[in-house]
Amino acid sequence: DVKVTQSSRYLVKRTGEKVFLECVQDMDHENMFWYRQDPGLGLRLIYFSYDVKMKEKGDIPEGYSVSREKKERFSLILESASTNQTSMYLCASRGLSRETQYFGPGTRLLVL
Amino acid sequence: QKEVEQNSGPLSVPEGAIASLNCTYSDRGSQSFFWYRQYSGKSPELIMSIYSNGDKEDGRFTAQLNKASQYVSLLIRDSQPSDSATYLCAVNEDFNKFYFGSGTKLNVKP
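Below: a short report on this structure. (Residues numbered from 1 in each chain as written. Chains lettered and ligands numbered in written order. Predicted model: local features only at pLDDT ≥ 70, side-chain atom pairs only at ≥ 80, totals over all residues. Heavy atoms only, no water.)

Points about the state of the cysteines
For step 1, the next point in the chain: If you walk through the whole model with that rule in mind, you get two disulfides over all chains.
For step 2, the next point in the chain: Each disulfide pairs two cysteine sulfurs, and for Cys23(A) the partner residue is Cys91(A), the sulfurs being separated by 1.8 Å. Between Cys23(A) and Cys91(A), the S-S dihedral sits near -75 degrees, and the bridge is therefore left-handed. Linking Cys23(A) in strand β3 (residues 19-25) with Cys91(A) in strand β9 (residues 87-94), this pair joins segments that are 68 residues apart in sequence. Cys91(A) carries the same exposure label as Cys23(A), and that label is buried.
For step 3, the next point in the chain: The disulfide partner of Cys23(B) is Cys89(B), and the S-S distance across this bridge is 2.1 Å. Its S-S torsion of about -75 degrees marks the bond between Cys23(B) and Cys89(B) as left-handed, since a negative value means left-handed. With Cys23(B) in strand β3 (residues 19-25) and Cys89(B) in strand β9 (residues 85-92), the pair connects residues that are 66 residues apart, well separated along the chain. In this structure, Cys23(B) and Cys89(B) share a single accessibility class: buried. (Disulfide = S-S within 2.5 Å. Helix = DSSP H or I, 4+ residues; strand = E, 2+ residues; numbered from the N terminus. Buried < 20%, exposed > 50% of the residue type's maximum accessible area, 1.4 Å probe, protein only.)

The following block contains the structure:
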């Protein structure tokens, strides 16, 4: 079974703090993704990566950056957290075939 | 802006009935279609994938795709209370670009 893990289930941060969200997958997948999920808006893609050190912007990259130094690990960075970044953050991974994405358990972030 | 539309619900059905969930999408170039189930506070999990027009059945679940009408649906037969969840429709065009609907909440009443 594919396993995608995220470093925290719940986080509380203050406005202006730098926030790191970590994601690790154990299936040697090339592709990894970060989404945020908000009520009524569905999942929106922030960034994805198709290889080590490679990244592409999704639909809502503003205020975020990412890092992929190793194949199994994909980090999302909030350079200066703001209250409008309070959300559920979901990491996912996907292999090279047409298969689905596999999601991690999610991190619920509250920015005060 | 690519759009995936779902009725937010809630859709309420009695136990044992057929639940019908619908999704429309805006991009005619979309190639792959997925249905995910998401329980409250949990992450999405794949129910069905479908790539070509017609029906695809897996146990109690049937996915239906009509590319001409830009429509994909999910039927759940013999609905159970454990099927109560939010169902997300996702559409994939470029290999790594997935577009999700906001989900339909399903309540199956015992």
